[in-house]
Amino acid sequence: MIDAIAFKYRTGMPWMDLPEHFGSWKGAHNRLRMWAADGTWEREHAVAPQGR
């Protein structure tokens, strides 16, 4: 899931155009929305290595 989200933001590609090997674009999009809503994304981003 994280790979799909990272790919989307690295490329600027619309969610619906994510390559199939990432699985369902809806699943990735919904997971990001849930993580953003409950603060998970912000907490993980704060501890992840920067500059990758």
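About the cut-offs
Residues numbered from 1 in each chain as written. Predicted model: local features only at pLDDT ≥ 70, side-chain atom pairs only at ≥ 80, totals over all residues. Heavy atoms only, no water. Helix = DSSP H or I, 4+ residues; strand = E, 2+ residues; numbered from the N terminus. Buried < 20%, exposed > 50% of the residue type's maximum accessible area, 1.4 Å probe, protein only. Contact = heavy atoms within 4.5 Å. Areas by Shrake-Rupley, 256 points an atom, 1.4 Å probe, with all protein chains shown as cover. Axes fitted to C-alpha atoms, helices over the stretch in contact; angles between N-to-C directions. Parallel < 35°, antiparallel > 145°, perpendicular 65-115°, else oblique. Expected span 1.5 Å × (residues − 1). Arc of directions from axis to C-beta. Polar contact = N/O pair within 3.5 Å; in protein donor to acceptor, adjacent residues only side chain to side chain.

### Observations concerning the overall build of the protein chain
Point 1. Check the secondary structure of the protein chain and you find three helices and zero strands.
Point 2. Going from N to C terminus, the protein chain has its helices and strands arranged as α-α-α.
Point 3. When the 52 residues of the protein chain are sorted by exposure, 23% land in the buried category.
Point 4. A separation threshold of at least 6 residues defines the contact pool for the protein chain, and within that pool the share at least 24 residues apart is 28%.
Point 5. Accessible surface for the protein chain amounts to roughly 4,200 Å². Of this, 54% is attributable to carbon and sulfur atoms.

### Some points on the packing of helix H1 (residues 2-11) against helix H2 (residues 25-38)
Point 1. Remark: H1 packs on H2, axes separated minimally by 9 Å, with the N-to-C direction vectors making an angle of 95 degrees. Taken together, the axis directions place H1 and H2 in an arrangement best described as roughly perpendicular. Residues Ile-2, Ala-4, Ile-5 and Tyr-9 of H1 pack against Ala-28, Leu-32 and Trp-35 of H2.

### Some points on H2
Point 1. Compared with an ideal rise of 1.5 Å per residue, which puts 14 residues at 20 Å, H2 spans 20 Å between its outermost C-alpha atoms and is within 8% of the ideal.
Point 2. Inspection of H2 places Ala-28, Leu-32 and Trp-35 among the buried residues, and these make up the whole buried set. Within H2, the buried residues cover an arc of 65 degrees as seen down the axis, which keeps them to one side. Those residues of H2 that are exposed and angled more than 90 degrees off the buried face are Arg-33 and Ala-37.
Point 3. Residue Ser-24 occupies the N-cap position of H2, its side-chain oxygen lying 3.2 Å from the main-chain nitrogen of Lys-26.

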